[in-house]
Amino acid sequence: TYMKKIGFIGAYDKTDLIIYIAKILTTLKKKVLVIDATTKQKARYVVPVINPTKMYVTEYEEIDIAVGFPNIEDIKRYLGYSEEQNLDYDIVLIDTDSIEGFNIFKLEESFKNYFVTSFDAYSLKKGLEILSELKTVVSLTKVLFAEEMLKEEDDYLNFLSLGYKIIWNEYRIYFPIENGDLSVIYENQRVAKIKFKKLSIQYKDGLAYMSEEILGDVSEMTIRRAIKLIEKGV
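Right, let's walk through the structure included here. (Residues numbered from 1 in each chain as written. Predicted model: local features only at pLDDT ≥ 70, side-chain atom pairs only at ≥ 80, totals over all residues. Heavy atoms only, no water.)

The subject of this paragraph is the side chain of Asp74. Note on placement: Asp74 falls in helix α3 (residues 72-79). Residues within four places of Asp74 in sequence aside, it is in contact with Met55 and Phe69. (Helix = DSSP H or I, 4+ residues; strand = E, 2+ residues; numbered from the N terminus. Contact = heavy atoms within 4.5 Å.)

So, on to the packing of helix α1 (residues 15-27) against helix α8 (residues 201-215). Running from amino to carboxyl end, α1 crosses α8 at an angle of 65°, the nearest separation of the two axes being 10 Å. In this structure, the crossing between α1 and α8 has a hand that is right-handed. Here α1 contributes Leu17, Tyr20, Ile21, Ile24 and Leu25 to the contact with α8, which in turn contributes Tyr203, Leu207, Ala208, Met210, Ser211, Ile214 and Leu215. Class assignment of the residues belonging to the contact of α1 with α8 gives a composition of eleven nonpolar, one polar and no charged. (Axes fitted to C-alpha atoms, helices over the stretch in contact; angles between N-to-C directions. Left-handed = near helix turned anticlockwise from the far one by under 90°. Nonpolar A, V, L, I, M, F, W, Y, C, P; charged D, E, K, R; others polar.)

Phe8, Leu17 and Leu93 are the most contacted members of the largest nonpolar core, which totals 45 residues. Setting aside its immediate chain neighbours within four residues, Leu93 contacts Ile6, Phe8, Ile18, Ile21, Ala22, Leu25, Val32, Leu33, Val34, Ile35 and Ile214. Listed in part, the 31 residues of the second largest apolar core include Leu87, Tyr89, Ile94 and Leu144. (Core = buried A, V, L, I, M, F, W, Y, C linked by side-chain atoms within 4.5 Å. Buried < 20%, exposed > 50% of the residue type's maximum accessible area, 1.4 Å probe, protein only.)

Moving on, we get to the sheet that holds strand β7 (residues 138-146). Note: strands within a sheet are paired through backbone hydrogen bonds, in either parallel or antiparallel orientation. Taken in spatial order, the eight strands line up as β3-β4-β2-β5-β1-β6-β7-β8 in an open sheet, and their pairing is mixed. Each edge of the sheet is formed by a strand with only one pairing partner; in this case those strands are β3 (56-60) and β8 (166-176). This sheet shows a mean twist of 20° between the axes of neighbouring strands, independent of strand direction. Pairing of β7 with β8 involves eight bridges; the strand directions are parallel. (Pairing = 2+ DSSP bridges.)

The periodicity of an α-helix, 3.6 residues per turn, causes residues three or four places apart in sequence to face the same way. Counted at 1.5 Å a residue, the expected span for helix α5 (residues 121-132) with its twelve residues is 16 Å, and the 16 Å between its end C-alpha atoms agrees. When α5 is considered as a whole, its buried residues turn out to be Ser123, Leu124, Gly127, Leu128, Ile130 and Leu131. Seen end-on, α5 carries its buried residues on one side only, within an arc spanning 145°. Looking at the buried side of α5, the elements it contacts are β1 (4-9), α4 (99-104), β6 (112-118), β7, α6 (151-160) and β8. (Expected span 1.5 Å × (residues − 1). Arc of directions from axis to C-beta.)

Put into structure tokens, the structure is as follows:
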């Protein structure tokens, strides 16, 4: 099967966002692998695992999550594939916070790449540091976590990335950070469950929009229905 590769690039913490998108995709019967290729390896701490080793793949609510692997080849070996075999997933979501991760996982070949940031100086500048080292032109969609969507902030991001090998998509995906979503996400981490019930409308809208883009051939209605199912906790 053709495996869609989706890149999530940036210094901002995107582990939960990716897992929540993966939850929608698996609810729609897609086989999904999430690769945490970040230096922080946050998935190691927020995804429950029985016996963590240096490198492992664990299943969490029907999502396979790979932690600690430096490349795809090692994941294949771990899962018992030969080098020639393709991984048997519909969609692979790759989280990276370095240019090394971008290059090793060949994210320039992704079906879609997202640049995820908030507007604190660290996330923005560290994230842009990754992009400044791109060798080939990459098309990116901005995923912005902000208190409100200010044109000045977006202009500033555009200004900082002038001259980089980036084509920005003209539309942006916006997640509000003041809507109490974080406390819902932390609560979910504590009980080790992926629940959508108390997430804000805007957060769920963002998840729905990104899932629709990643799938490419599924209606918004179908995605909304999947979200309703997750909310019910069926």
